[in-house]
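Summary of the model geometry
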Amino acid sequence: MPMREECKNYESRTYRNGETVRKCNLDLAPDAPWRCPDPCKGYGPRLADVNWAHGSLVAPPTPPEPPGIDDGSAAAVLDEAEEIINSIGPDVLAQVQADQAKQGFWKRMFGRKST
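Now for a description of the structure that goes with this document. (Residues numbered from 1 in each chain as written. Predicted model: local features only at pLDDT ≥ 70, side-chain atom pairs only at ≥ 80, totals over all residues. Heavy atoms only, no water.)

Following aspartate 38, the chain continues to proline 39 via a peptide bond in cis, the omega torsion being 0 degrees. Mapped onto the elements, proline 39 comes out in the loop between β2 (20-24) and α1 (73-103). Look at aspartate 27: it is not a glycine, yet its phi comes out positive at around 60 degrees. Within the secondary structure layout, aspartate 27 lies in the loop between β2 and α1. (Helix = DSSP H or I, 4+ residues; strand = E, 2+ residues; numbered from the N terminus.)

This is how it looks when you write it as structure tokens:
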């Protein structure tokens, strides 16, 4: 089933460079932005924008499906990438906490934010 743009958990965001992100906020669509699971346990109709007229800033159409969606290989690649990110998460958190502990309370609260 294609992504359900009328679902309250569907989100689409277009950036200044023209790139568009389409996703399920509940992370229930492993083949996003091309497909939602059928049936989806998180599906609910969007109620806030019923009968709204959308202007020219509506996101561009969804790109064509890449090869590998039907056989599950795309989902396998995404699962592997998620495992890599999750494996470094505790290290990154420990590093951030160590950096914050070095700064001291007043520096963290009122110091300049670096960009």
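We now examine the side chain of arginine 4. Mapped onto the secondary structure, arginine 4 falls in the segment before β1 (10-14). Given the relative accessible area of 14%, arginine 4 is considered buried. A distance of 3.5 Å separates polar atoms of two side chains, one belonging to arginine 4 and the other to aspartate 38. (Buried < 20%, exposed > 50% of the residue type's maximum accessible area, 1.4 Å probe, protein only. Polar contact = N/O pair within 3.5 Å; in protein donor to acceptor, adjacent residues only side chain to side chain.)

Strand direction decides the pairing type here: β1 and β2, joined by five bridges, are antiparallel. If you follow threonine 14 over to β2, its bridge partner there is threonine 20. Counting the residues between successive antiparallel strands, the hairpin from β1 to β2 contains five residues, one of them, glycine 18, with a positive phi of roughly 95 degrees. (Pairing = 2+ DSSP bridges.)

Our next topic: the packing of aromatic side chains. Tallied over the entire structure, the rule returns zero aromatic pairs. In this structure, arginine 4 packs its charged tip against the face of tyrosine 43, placed 4.7 Å from the ring centre. (Phe/Tyr/Trp six-rings, centres within 6.5 Å; stacked < 30°, edge-to-face > 60°. Lys NZ or Arg CZ within 6 Å of the ring centre and 35° of its normal.)

All right, on to α1 then. Taking 1.5 Å per residue as the helical rise, α1 with its 31 residues ought to reach 45 Å, and the 45 Å between its terminal C-alpha atoms agrees with that figure. A positive phi of about 90 degrees marks glycine 104, the residue just after α1. (Expected span 1.5 Å × (residues − 1).)

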